[in-house]
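Chains, contacts and geometry: an overview
Listed below, chain by chain, are the residues.
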Amino acid sequence: MNNELLRSLISSKVPEAEFSGEETQFLNVIIKPEDLRTLTEFLRNDPQTKLDFLFCMTAVDWMTHFFTVYHLRSTETDQTLVIKVKINDRENPEVETVCDIWKTAEFHEREVYDLFGIKFKNHPDLRRILLEDDWVGYPLRKDYKDEANIVEL
Amino acid sequence: MINEEANTAVENKPETQEYFINMGPQHPSTHGVLRLMLTLDGEIIKKVEPHLGFIHRSIEKMCEKDSYQQIVHLTDRMDYLSCHMNNEAVCLCVEQGLQLEIPERVKVIRTIISELTRLSSHQLWWGVMGMDLGAITTFLYGFRDREMITDIFEETCGARLTMNYNVPGGLMFDIHPNFQKRTKDFITYFKKKLPEYDDLLSNNVIFTERTKGIGMLSKEDAISYGVTGPSGRASGFSCDVRKHFPYSAYDRVDFREIIYTEGDCYARYRARIDEMHESMKIIEQLIDNIPEGDYKAKTKAVIKLPEGEYYQRVETARGELGVYVVSDNKKSPYRLKFRSPGFSNLSALNIMAKGDKIADLVATMSTLDLVIPDIDR
Amino acid sequence: MNFNIYDFTGFVNSIKQWLNSVFPPAVADITGFVIIGICFLTFITLLGLSLVYIERKVCAFFQQRLGPMRVGFWGTAQTVADIIKLIFKEPLIAKGSDKFLFNLAAFIVIVAPFMAIAAVPFAKGLHVLDFDIGLFFITAVSSIGVTGILLAGWSSNNKYSLIGAMRSGAQIVSYELSVVLSLLTIIVLTGSLQLSAIIESQRDGWWIFKGNIPAIIAFFIFIIASTAESNRGPFDMAEAESELTAGFHTEYSGIKFAYFFLAEYINLFIIAAVGATVFFGGWMPLHIGNFEFFNKIMDFIPPIIWFFGKIAALIFLIMWFKWTFPRLRIDQLLTLEWKYLLPINLVNLLMMSVVALNGWHF
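Since we're looking at a predicted model, the values are computed, not measured. (Residues numbered from 1 in each chain as written. Chains lettered and ligands numbered in written order. Predicted model: local features only at pLDDT ≥ 70, side-chain atom pairs only at ≥ 80, totals over all residues. Heavy atoms only, no water.)

Time to look at the overall build of chain B. In terms of regular secondary structure, chain B is built from 16 helices and eight strands. At 23 Å, chain B has a C-alpha radius of gyration in line with the 21 Å of a compact globule built from 377 residues. The C-alpha extent of chain B, read off along each of the three principal axes, is 95 × 50 × 35 Å. Here chain B holds 377 residues, and 64% of them are scored as buried. Expressed as a percentage of contacts within chain B between residues at least 6 apart in sequence, the contacts between residues at least 24 apart total 71%. Carbon and sulfur atoms make up 52% of the accessible area of chain B, which amounts to about 13400 Å² in all. Treating the 47 positive side-chain charges of chain B as one cloud and the 55 negative ones as another, the clouds have centres 5 Å apart. (Helix = DSSP H or I, 4+ residues; strand = E, 2+ residues; numbered from the N terminus. Rg over C-alpha atoms; globule rule 2.2 N^0.38 Å. Buried < 20%, exposed > 50% of the residue type's maximum accessible area, 1.4 Å probe, protein only. Contact = heavy atoms within 4.5 Å. Areas by Shrake-Rupley, 256 points an atom, 1.4 Å probe, with all protein chains shown as cover. Lys, Arg positive; Asp, Glu negative; His and termini not counted. Charge placed at Lys NZ, Arg CZ, Asp CG, Glu CD.)

So, on to a nonpolar patch on the surface. A grouping of C:Trp18, C:Val22, C:Phe23 and C:Val27 is seen on the molecular surface, where their side chains present a nonpolar patch of about 360 Å² in accessible area. With respect to the secondary-structure elements, C:Phe23 resides in the loop between helix H1 (9-22) and helix H2 (25-62). (Patch = residues over 30% accessible without salt bridge, like charges linked within 9 Å, V, L, I, M, F, W, Y side chains within 5 Å. Salt bridge = Lys/Arg side-chain N within 4 Å of Asp/Glu carboxyl O.)

We now examine the packing of aromatic side chains. Under the definition given, this model contains 46 aromatic pairs over all chains. Measuring from centroid to centroid gives 5.2 Å for A:Phe55 and B:Tyr311, while their planes differ by 70 degrees, and the two rings are edge-to-face. Here A:Phe55, found in strand S3 (residues 53-61), pairs with B:Tyr311, found in strand S6 (residues 308-315), and the two come from separate chains. Across from the ring centre of A:Phe107, 5.8 Å away, lies the NZ or CZ of A:Arg110, which sits over that ring. (Phe/Tyr/Trp six-rings, centres within 6.5 Å; stacked < 30°, edge-to-face > 60°. Lys NZ or Arg CZ within 6 Å of the ring centre and 35° of its normal.)

Take the sheet that holds strand S1 (residues 18-20) of chain A next. All names here are of chain A. Sheet architecture is open: five strands sit in the order S1-S2-S5-S4-S3, paired in mixed fashion. Edge strands, defined here as strands with exactly one partner in the open sheet, are S1 and S3. When strand polarity is set aside, the average angle formed by the axes of neighbouring strands in this sheet is 20 degrees. Bridging between strand S2 (residues 27-31) and strand S5 (residues 80-87) involves five bridges; their strand directions are parallel. Bridge pairing in S5 places Ile30 opposite Lys84. Lying over the sheet, helix H1 (residues 3-13) contacts S1, S2 and S5, oriented at roughly 10 degrees with respect to S2. (Pairing = 2+ DSSP bridges. Axes fitted to C-alpha atoms, helices over the stretch in contact; angles between N-to-C directions.)

Here the focus is the packing of helix H4 (residues 99-116) of chain C against helix H6 (residues 145-155) of chain C. Residues and elements named next belong to chain C. It is at 8 Å that the axes of H4 and H6 come closest, and there the two elements cross at 160 degrees. Classified by the angle their axes make, H4 and H6 are roughly antiparallel. The crossing of H4 and H6 is left-handed. On H6, the residues touching Leu101, Phe102, Leu104, Ala105, Ile108, Val109 and Ala112 of H4 are Gly145, Thr147, Gly148, Ile149, Leu151, Ala152, Trp154 and Ser155. (Parallel < 35°, antiparallel > 145°, perpendicular 65-115°, else oblique. Left-handed = near helix turned anticlockwise from the far one by under 90°.)

Take the interface of chain B and chain A next. Contacts between chain B and chain A engage 38 residues on the former and 42 residues on the latter. Buried surface at the junction of chain B and chain A, summed over both partners, amounts to about 3500 Å²; 55% is from carbon and sulfur atoms. Note that B:Glu49 and A:Arg127 form a salt bridge whose closest N and O atoms lie 2.8 Å from each other. Counting the contacts that link chain B with chain A gives 17 residue pairs in polar contact (both at pLDDT 80 or more). Of all elements in the fold, only strand S3 (44-51), helix H2 (59-63), helix H9 (219-224), S6, strand S7 (320-327), strand S8 (335-339), helix H13 (341-347) and helix H16 (372-376) of chain B reach the threshold of two or more residues within the side of chain B that touches chain A. Grouping the amino acids of the side of chain B that touches chain A by side-chain chemistry returns 14 nonpolar, ten polar and 14 charged. (Buried area = accessible area lost by both parts, 1.4 Å probe. Polar contact = N/O pair within 3.5 Å; in protein donor to acceptor, adjacent residues only side chain to side chain. Nonpolar A, V, L, I, M, F, W, Y, C, P; charged D, E, K, R; others polar.)

Looking now at helix H12 (residues 254-280) of chain C. Compared with an ideal rise of 1.5 Å per residue, which puts 27 residues at 39 Å, H12(C) spans 38 Å between its outermost C-alpha atoms and is within 8% of the ideal. One or two residues past the end of H12(C) sits C:Gly281, with phi positive at roughly 75 degrees. (Expected span 1.5 Å × (residues − 1).)

Shown next as structure tokens:
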């Protein structure tokens, strides 16, 4: 199991996937929201890849678009892969949930929803997790304004 | 009419009702401000629903405004019991981004202090574990031994709990001249005291009855829920970052990754006790071989990471801590995410506690070794 | 006044005569009751305070620390300070709780051990109620306390309290059986339930030594079951600090909380007193058969010291349990009683009957 093989496997499944970051640490793959389910289900269950451990899940706000970032690892081979889902819709960002594939995503997706406002379709219990239920806005978005709590220098 | 009603009442079982109970935010065994909503049938737990965020301080948002040197200080306040490892994670991440060559001396000292921190964290956990199960005396025993480690820390860097001993590029100061001697003294002392832990708790019939077969977590679930650290390894999930992705000086020391396959509370308990033995082994190997040299590599006053993404993981006392930095070549990170072990470990609590009794939930929670600031960040 | 530390009969009688000589008979009786009542109230208060202090010091001793040291010499006034604080605290009553039962519960809990302590023989002649069913009276009256606990849990309108109370109910009803059966094992030998008769039957040696193996088994069962009956660790299921915050007395504050606290320690004293009386001869000094010389030396130590010495030893033992063992779970607790202690107890009772019939005891 290595990056080349993983790359070819992903390309065969999702042809329009973009790759990057091989020269740095992990292999990165950027996909569209609609490809997420097919790719993750394949990577989790395929005996060749078997990326069964979602060790980190988060999102990044790039002002024009969001990335939801999934750090995956195979517990057998320690092969690591980073999937980034590019969400262009900033008003109503939506992506499929993966919490039936990796249970840990249930909490992590709630956190991302809480702090970025990205909705996860088919998530069983999508509520705010860290902030209060009646909090207004999504604090980790770059355009979040909170004059009471954040001091601009 | 009345007869009919009476008959149906006799035929049907007595009507029972599930009820809710709020465990926390102020509860002795949630170790902080964690609120669990329990759905109970009598004393049997049907569902555990954690409500978190009572001490959420949005550390990740604060990091987006701070310089990398400042971020290190914030990490102390997450998992305060493994503060040194948290510091180390950020420092390693920055050093990775700068491609900085770290002096050997720093690596060894960081490893020794990491293991001392792990020991102190496990000592405190052991004490609290006993207290949660009603054996209050263990609490004081755990603290008695932990005191010696905090004294060593105090002499080394002036702080006992939140140490801030790491800075990007090395250490804040060199070690105290007494450091090696006191650490060796502590190891000889604690080698004698650790069997006392077994005498007091591990071999107690009531204790084993309370923990064996309780809070079961299968290997598949452990991986799926991302339960790492001693809790995950007790379910047979080999996830020791120190073994799989060695950092600092872990590649040159000989130690065993503790793996149990039972996945119950007792296995998690044993995993931590055994880990204390391994930590002492690591310290013993390194303490006499601290290389001479600088305690800090030369860094610029303002650190700017090149554009890109960096991920660094370390093994804290609770599991795998990940630091994910997205940098846009400014003095503070564009986005910084802490993958805290407690957050993932807590998510598995529901399946572990389901079907057990309230008393078992306390034992299960105790063996997960939750630190609330680590979960809430 | 003929005061004799070895025999209080004369002392008590002289007080009685003096009262009768001063007052008419009815008034004399009432005055006697009041004096006894005041004596017991003072005794219970002092007992509660000193036991709390002892518990804290014993606990500190097990935990390698000093315990209270600041108030008074070696912290001796600490519990007094605590009780003053508790008296002055606001007695909170939670919204939605049943006020009448809520207040009543605290009194039932404190009244039960207060009644039981009346039948405890402190020394020769120092004995308020010497029924011919004395032992039965103590066990019966002291278990009234559980009604108070159940009421407290029910009326608090708090789920933690309710769970604690239900646990406590199941626990006390179960362990009552073992306590009574283990005491019954010794009654087979004494042939009387009267406490003074039980003590008198141990003039040539304590039952724990005379009663052969069944007596020792009975003692172990008694000490386990009575620890459970008094809701103390490792059987403190009803309070279970780390599970149910404080169990049945979660909602109580101020002086009513102090009642629960005090009742626990008086129950502890009563258990130790019953255990000492039945197994260790009460105030009876250590005698070995007809070994007159040894018996004389032992007699030199006053009975009241023997009695409190034995109680102190038993209380220390029970405290030792509490500060060493983890807590059991409720189902394990009931399993222990119904599957182990009760069958062992019944077999033990049978064994003791065989021993008694054949005269194999000493």
